[in-house]
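One-letter residues, chain by chain:
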Amino acid sequence: MIEKIDILGVTYAISLVPAISREKYTIGQCDYANQSIDLDMAPPPDLMGATLFHEVLHAVLEGVGEDCVNSDEGSVQRIARGLYQALKPYVDFSGKEKRLTAKR
Ligand SMILES: [Zn+2]
């Protein structure tokens, strides 16, 4: 699993944790102040990947000052899911990047 990611020049540590919140069914969390992204380790890889995109998008929106979009969970989820679906074939979450190849 990738361990850190640079978002707009700020390095966020990515951690797999046993549980974030079972009450609120929270499976991901982005902490701007501590530059950390926590992912619940229980969900299957696909959901964990989609959650990583969701939390990274929060950090990007925070970084560019898009507070309005950032506070709208529905928008963040829709955009993140679209990005995840589009990029999923090219990145696996063990940290090894798959190279983009132009189809001839
Ligand atoms: Zn969110």
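Predicted, not measured: the structure shown is a model, and the values here were computed from it.

1. A look at the pairing of strand 1 (residues 4-7)
Right, on to step 1. Pairing of strand 1 with strand 2 (residues 10-17), which is carried by four bridges, proceeds in the antiparallel orientation. Its bridge partner being in strand 2, isoleucine 5 is matched across the sheet by tyrosine 12.

2. What about the coordination of the zinc ion?
Right, on to step 1. Around the zinc ion, the protein contributes the donor atoms His54 (NE2), His58 (NE2), Glu73 (OE) and Glu73 (OE), which lie 2.0 to 2.4 Å from the metal centre.
Right, on to step 2. One can describe the site at the zinc ion as irregular: its four donor atoms subtend angles covering 56 to 136 degrees at the metal.
Right, on to step 3. Overall, the relative accessible area of 8% leaves histidine 54 in the buried class.
Right, on to step 4. Assessed through its relative accessible area of 7%, histidine 58 is described here as buried.

3. Some words on the packing of helix 1 (residues 45-63) against helix 3 (residues 73-87)
Right, on to step 1. Running from amino to carboxyl end, helix 1 crosses helix 3 at an angle of 120 degrees, the nearest separation of the two axes being 8 Å. The orientation of helix 1 with respect to helix 3, classified from their angle, is oblique. For the pair helix 1 and helix 3, the crossing hand works out as right-handed. From helix 1, Pro45, Asp46, Leu47, Gly49, Ala50, Phe53, His54, Leu57, His58 and Leu61 reach across to helix 3, where they touch Glu73, Val76, Gln77, Ile79, Ala80, Arg81, Leu83, Tyr84 and Leu87.
Right, on to step 2. Its residues placed into classes, the contact of helix 1 with helix 3 shows 12 nonpolar, four polar and three charged.

4. Observations concerning the packing of aromatic side chains
Right, on to step 1. Applying the stated criterion across every chain yields a total of one aromatic pair.
Right, on to step 2. For the pair phenylalanine 53 and tyrosine 84, a centre-to-centre distance of 5.5 Å together with 65 degrees between the ring planes defines the contact as edge-to-face. Taken as a pair, phenylalanine 53 in helix 1 and tyrosine 84 in helix 3 lie far apart in primary sequence, 31 residues in all.
Right, on to step 3. The class of tyrosine 84 is buried, set by a relative accessible area of 7%.

5. As for a nonpolar patch on the surface
Right, on to step 1. Together, Ile79, Leu83, Leu87 and Tyr90 make up an exposed nonpolar region whose accessible area comes to about 320 Å².
Right, on to step 2. For tyrosine 90, the position within the fold is in the segment after helix 3.

6. Section: the sheet that holds strand 3 (residues 28-31)
Whether parallel or antiparallel, the strands of a sheet pair through hydrogen bonds between backbone atoms.
Right, on to step 1. As summarised here, the arrangement of the four strands in space is 1-2-4-3, forming an open sheet in which the pairing is mixed. At either end of the open sheet lies a strand with only one pairing partner, and these are strand 1 and strand 3. Here the strands of the sheet are splayed against their neighbours by 20 degrees on average, with no regard to which way each runs.
Right, on to step 2. As judged from the four bridges shared by strand 3 and strand 4 (residues 36-40), these two strands associate in the antiparallel manner. In the strand pairing of strand 4, aspartate 31 is matched with serine 36.
Right, on to step 3. Lying over the sheet, helix 1 contacts strand 1, strand 2, strand 3 and strand 4, oriented at roughly 155 degrees with respect to strand 4.

Rules of the game
- Residues numbered from 1 in each chain as written.
- Predicted model: local features only at pLDDT ≥ 70, side-chain atom pairs only at ≥ 80, totals over all residues.
- Heavy atoms only, no water.
- Pairing = 2+ DSSP bridges.
- Helix = DSSP H or I, 4+ residues; strand = E, 2+ residues; numbered from the N terminus.
- Donors = N, O, S within 2.8 Å, 3.2 Å for Na, K, Ca; no water.
- Tetrahedral: all angles 85-135°; square planar, octahedral: opposite > 155°, others 65-115°.
- Buried < 20%, exposed > 50% of the residue type's maximum accessible area, 1.4 Å probe, protein only.
- Axes fitted to C-alpha atoms, helices over the stretch in contact; angles between N-to-C directions.
- Parallel < 35°, antiparallel > 145°, perpendicular 65-115°, else oblique.
- Left-handed = near helix turned anticlockwise from the far one by under 90°.
- Contact = heavy atoms within 4.5 Å.
- Nonpolar A, V, L, I, M, F, W, Y, C, P; charged D, E, K, R; others polar.
- Phe/Tyr/Trp six-rings, centres within 6.5 Å; stacked < 30°, edge-to-face > 60°.
- Patch = residues over 30% accessible without salt bridge, like charges linked within 9 Å, V, L, I, M, F, W, Y side chains within 5 Å.
- Areas by Shrake-Rupley, 256 points an atom, 1.4 Å probe, with all protein chains shown as cover.
- Salt bridge = Lys/Arg side-chain N within 4 Å of Asp/Glu carboxyl O.

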